[in-house]
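The residues making up each chain are set out below.
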Amino acid sequence: MPGAPVADAVFSDLAPRLAALRSAGRRPGLGTILVGDDPASAGYVRMKMAKAAELGLASPHVHLPAGAAQAELVAAVESLNADPAVDALLVQHPVPGHLDYEAALARVDPDKDADGAHPLNMGRLALALPGPVPCTPAGIEALLAHYQVPVAGRHVVIVGRGFTIGRPLSLLLSQKRPTANAAVTVVHTGVADWADHARRADILVAAAGVPGMVRPEHVRPGAVVVGAGVRYEGRRLLPDVDEACAAVAGWITPRVGGVGPTTIAMLFRNAVEAAERRAGLADRKAGEDP
Ligand SMILES: NC(=O)c1ccc[n+]([C@@H]2O[C@H](COP(=O)([O-])OP(=O)(O)OC[C@H]3O[C@@H](n4cnc5c(N)ncnc54)[C@H](OP(=O)(O)O)[C@@H]3O)[C@@H](O)[C@H]2O)c1
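Attention in this report is confined to the structure presented alongside it. No experiment lies behind these values; they were computed from the predicted model shown.

### Description of the pattern of salt bridges
Counted by the stated rule, this structure contains 13 salt bridges. With its nearest N and O atoms 2.9 Å apart, the salt bridge here joins arginine 215 to glutamate 217. Accessibility expressed as a relative area gives 43% for glutamate 217, which makes it partly exposed.

As structure tokens, then:
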């Protein structure tokens, strides 16, 4: 299940919506804040700005020095909140250790929350209210829908309860919608027999950040495996899912280019939807597929 065709479908859906915004005299803006010069984070921000340029979005950027104070980070968030050219914004994660990312995120205007990670939007997700949805979980739902993997009524097991993937994905896939409506089990370090749960999954999502932890013996033959968790050692990407799982799984994301491209596509979907809301154009429901 490569992510690129799914991302392409999302961008195709966004194209006429961007054209409608342009016709209404609006050029959407995705603001980014980078603290420090971590090469991976700087690379992610560059890639997001390049994609914004390709789609015709403005991409105001604030680059703070690695030693920036929390007050400077908050001031940068507030300046993009107040900037009428910015429809959506994000603080690139992680920030240097002396800074409080969650506190900065809480200062982002929830209606301009490109990552869908603000506590208010997590609440909207829990209540199935419209709003920006966390990008990686939204991308995983779109990935499953694109490859026509049945989710409704099936058993999804998610390894990890992190706030980026596991927790919001469990909320999203248990919502009462045709591309969700699953029985969802979330396992973590508090579940010693997580492997027993994993073996009962119709759809197994790895979101732990523990390289190679999902092995073929954890996969029911024919089950669907989604690898979202990764760790980097220098430039080497180490996925949670052992490649040998491909021999057992019915459907599986590739080692590279699975969930990543769909995550980026959902970031831009959130940005375009934020611009549409501000322009008074059509709205969509939380987690709705393109
Ligand atoms: N592909 C993408 O586009 C993308 C985007 C964002 C993030 N990620 C990756 O996704 C992963 C998860 O990120 P996150 O922020 O949601 O989560 P996180 O905060 O990194 O938490 C990891 C979760 O995995 C669980 N876990 C760790 N080791 C485990 C083990 N041995 N057995 C069972 N559970 C275990 C932890 O359990 P406890 O809660 O008990 O500690 C925790 O719930 C990370 O690797 C991150 O790099 C990928």
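Next comes the rest of the account.
### Quick notes on the packing of helix α6 (residues 135–146) against helix α9 (residues 259–279)
As a packed pair, α6 and α9 sit with axes 8 Å apart at the nearest point and diverge in direction by 110 degrees. One element, α6, and the other, α9, form an angle in the roughly perpendicular class. Judged by the sense of rotation from one axis to the other, the crossing of α6 with α9 is right-handed. Facing Cys135, Thr136, Ala138, Gly139, Ile140, Ala142 and Leu143 of α6, the residues of α9 in contact are Val259, Thr262, Thr263, Met266, Leu267, Arg269 and Asn270.

### A short note on the site of the ligand
Looking at the ligand, there are 21 residues lining it, with Arg161, Thr164, Ile165, Thr189 and Val230 nearest. One nitrogen or oxygen atom from the side chain of arginine 161 is found 2.7 Å from an oxygen atom belonging to the ligand. Within the contact set of the ligand, an oxygen atom lies 2.3 Å away from a side-chain nitrogen or oxygen of threonine 189. Burial of the ligand by the surrounding chains reaches 68%, relative to a free accessible area of 930 Å². With three residues, α9 is the largest single contributor of residues to the shell around the ligand. Along the lines of polarity and charge, the residues of the shell around the ligand split into nine nonpolar, eleven polar and one charged.

### Examining the nonpolar core
Leu30, Ile140, Val226 and Phe268 are the most contacted members of the largest nonpolar core, which has 49 residues in total. Ranked by the residues each element gives to this core, the list is headed by α9, at ten residues. Setting aside residues no more than four positions away along its own chain, leucine 30 makes contact with Leu57, Ala58, Ser59, Pro60, Ala88, Leu89, Leu90, Ala114, Leu267, Phe268 and Ala271. Formed by 19 residues, the second largest nonpolar core is a distinct cluster that contains Val191, Ala195, Val219 and Ala249.

### Side note on the pairing of strand β2 (residues 61–64)
Note: strand β1 (residues 30–35) against β2, four bridges, orientation parallel. What sits directly across from valine 35, in β2, is leucine 64.

### Examining the environment of isoleucine 158
Inspection of the secondary structure puts isoleucine 158 in strand β4 (residues 155–159). The buried category is assigned to isoleucine 158, whose relative accessible area is 0%. A sequence separation of 82 residues divides isoleucine 158 from alanine 76, and the C-alpha atoms of the two residues are 35 Å apart. Ignoring sequence-local partners within four residues, the contact set of isoleucine 158 consists of Gly166, Leu169, Ser170, Val184, Thr185, Val186, Val187 and Val205.

### Examining unusual backbone geometry
Cis geometry marks the peptide bond from histidine 93 to proline 94; its omega dihedral reads 0 degrees. By secondary structure assignment, the location of proline 94 is in the loop between β3 (88–91) and α4 (101–105). Its identity as a non-glycine residue notwithstanding, alanine 128 has a phi of 60 degrees, on the positive side. The residue alanine 128 is located in the loop between α5 (119–126) and α6 in this model. Phi at asparagine 181 is positive, roughly 60 degrees, even though this residue is not glycine. Mapping asparagine 181 onto the fold places it in the loop between α7 (166–173) and β5 (183–187). Residue asparagine 181 is classed as partly exposed on the basis of its relative accessible area, which comes to 34%.

Cut-off values and rules
Residues numbered from 1 in each chain as written. Predicted model: local features only at pLDDT ≥ 70, side-chain atom pairs only at ≥ 80, totals over all residues. Heavy atoms only, no water. Salt bridge = Lys/Arg side-chain N within 4 Å of Asp/Glu carboxyl O. Buried < 20%, exposed > 50% of the residue type's maximum accessible area, 1.4 Å probe, protein only. Axes fitted to C-alpha atoms, helices over the stretch in contact; angles between N-to-C directions. Helix = DSSP H or I, 4+ residues; strand = E, 2+ residues; numbered from the N terminus. Parallel < 35°, antiparallel > 145°, perpendicular 65-115°, else oblique. Left-handed = near helix turned anticlockwise from the far one by under 90°. Contact = heavy atoms within 4.5 Å. Near = heavy atom within 4 Å. Polar contact = N/O pair within 3.5 Å; in protein donor to acceptor, adjacent residues only side chain to side chain. Areas by Shrake-Rupley, 256 points an atom, 1.4 Å probe, with all protein chains shown as cover. Nonpolar A, V, L, I, M, F, W, Y, C, P; charged D, E, K, R; others polar. Core = buried A, V, L, I, M, F, W, Y, C linked by side-chain atoms within 4.5 Å. Pairing = 2+ DSSP bridges.

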